[in-house]
Amino acid sequence: MKRLTAILLVSALAAAPAFAQAGFSGTWKADLHSAHLSQKPDVFMIKSGVYTCSSCAPGYSIKADGAFHHVAGHPYYDEEAVKVVDAHTVTISDRLKGKAMGHATDTVSADGRTLTFTFTDTSGANGKAVTGRGTERRVGPAPAGSHAFSGSWRADKYDNVSDAGLTISFRLAGDMLQMNAPTGESYQARIGGPAVPIHGNPAATMMAVRRLGPATLQEIETRGGKQVGVTTMTLSPNGRTMHVVNEDKVQGTRMSYTSMKQ
């Protein structure tokens, strides 16, 4: 399922100078028009009533019969339901321990070259849903006899994503960084200190923060002691924008974008 994952904005040196202290603190909103999305293809197939996600980590296959089926090894969902609506449309729904985590509708264009998806992410701790849409471009053919949804797809763009999925707030005081997301996730970590829990995170993810320079902070996500994600945030000289690079260590993907101070 395509979802703007994790809204992502989330010590070698001493305490930052006043510029960085004031600069990081505040509410930030990701600019989707600036996003450089991962170029790693998504690879799916629906054939003979079975859905296979080859690009997922780990990959899996389940029946595409509209019912929920167990999926192992994925921290944000343990059940998934795939339904073939028609020759061009598929829906995918996820659950974790019985809780609805998200729903997506994927529609392939008549010429088979574009995949348009809409999604509703309900994984937030406070129940606030994130909605949006986007497109992917075909980079690999659908295997013979498979549904039009099948093949290799590369992310093209996201748009109409709700503010709850784009905004995040930071408060930097001394060497303590506090993060709050509209969906209910939060943490308070000492820069250069140990990993702390991300409160409200359904996958029990931990967060550590380190400073790479006077205007650059890096968030390091771990689960079960294993690094799963790295987000590097660098303030512009005027403190009004922030360049963000997110690396998903599990999926092996990388994306970057600019966030605007609100």
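Scroll up for the structure.
Source: prediction; values computed, not measured. In every chain, residue numbers begin from 1 and rise along the written sequence. It should be noted that, the model being predicted, local features are given only for residues of pLDDT at least 70 and side-chain atom pairs only at 80 or more, the latter also being counted only at that level, while totals for whole chains, interfaces and linings use all residues. Think of the side-chain values as coming from all heavy atoms in the structure, minus any hydrogens and water.

*Asks:* An account of the packing of aromatic side chains is requested, with residue identities and associated values reported.
*Replies:* Whether two aromatic rings pair depends on their centres lying within 6.5 Å, for rings of Phe, Tyr and Trp, where Trp uses its six-membered ring; planes under 30 degrees apart make the pair stacked, over 60 edge-to-face, and the rest tilted. Applying the stated criterion across every chain, the model contains eight aromatic pairs. Between phenylalanine 44 and phenylalanine 149 the ring centres are 5.0 Å apart and the planes differ by 10 degrees, which places this aromatic pair in the stacked class. Highlighted residues: phenylalanine 44 in strand β2 (residues 42-47) and phenylalanine 149 in the loop between β10 (130-140) and β11 (151-159), separated in sequence by 105 residues. With respect to burial, phenylalanine 44 and phenylalanine 149 carry one shared label: buried. A connected cluster of aromatic rings, assembled from ring pairs, spans Phe44, Tyr51, Tyr60, Tyr77 and Phe149. Note on geometry: a ring has a charge over it if NZ (lysine) or CZ (arginine) is within 6 Å of the ring centre and within 35 degrees of the ring normal. Cation over ring: arginine 95 sits above phenylalanine 68, and NZ or CZ is 3.7 Å from the ring centre. Elements are defined by DSSP. Helices are runs of H or I of four residues or more, strands are runs of E of two residues or more, and each kind is numbered from the N terminus. Burial classes follow relative accessibility: with a 1.4 Å probe on protein chains only, a residue under 20% of its type's maximum area counts as buried, one over 50% as exposed, and anything between as partly exposed.

*Asks:* Which residues make up the pairing of β10, and what values go with them?
*Replies:* Two faces, one strand: in a regular strand the side chains alternate between the faces of the sheet. Across eight bridges, the pairing between strand β9 (residues 114-121) and β10 is antiparallel. Along β10, the bridge assignment pairs aspartate 121 with valine 130. Whether two strands pair comes down to DSSP finding at least two bridges between them. By the bridge criterion, seven bridges tie β10 to β11 in an arrangement that is antiparallel. From the neighbouring strand, threonine 135 faces β11, where its bridge partner is lysine 157.

*Asks:* So, the pattern of salt bridges: which residues are in play, and what are the values?
*Replies:* A side-chain nitrogen of Lys or Arg and a carboxyl oxygen of Asp or Glu constitute a salt bridge if their distance falls within 4 Å. In the structure shown here, the tally under the stated rule is six salt bridges. A salt bridge links glutamate 79 to arginine 95; the nearest nitrogen and oxygen atoms lie 3.1 Å apart. Here the residue glutamate 79 occupies a position in strand β6 (residues 79-84), and arginine 95 occupies one in strand β7 (residues 89-96), the gap between them amounting to 16 residues. Where lysine 249 meets glutamate 247, a salt bridge forms, and the shortest distance between an N and an O atom there is 3.4 Å. Overall, the relative accessible area of 25% leaves glutamate 247 in the partly exposed class.

*Asks:* For the sheet that holds β10, give the residues involved together with the corresponding values.
*Replies:* Here we have 10 strands laid out as an open sheet, ordered β4-β3-β2-β11-β10-β9-β8-β7-β6-β5, and antiparallel in their pairing. In this open sheet, the two edge strands, each paired with only one partner strand, are β4 (60-63) and β5 (65-70). Neighbouring strand axes in the sheet, compared pairwise and without regard to direction, differ in orientation by 25 degrees on average. Axis lines are fitted through C-alpha atoms, for helices just across the contact stretch, and the angle between N-to-C directions can take any value from 0 to 180 degrees.

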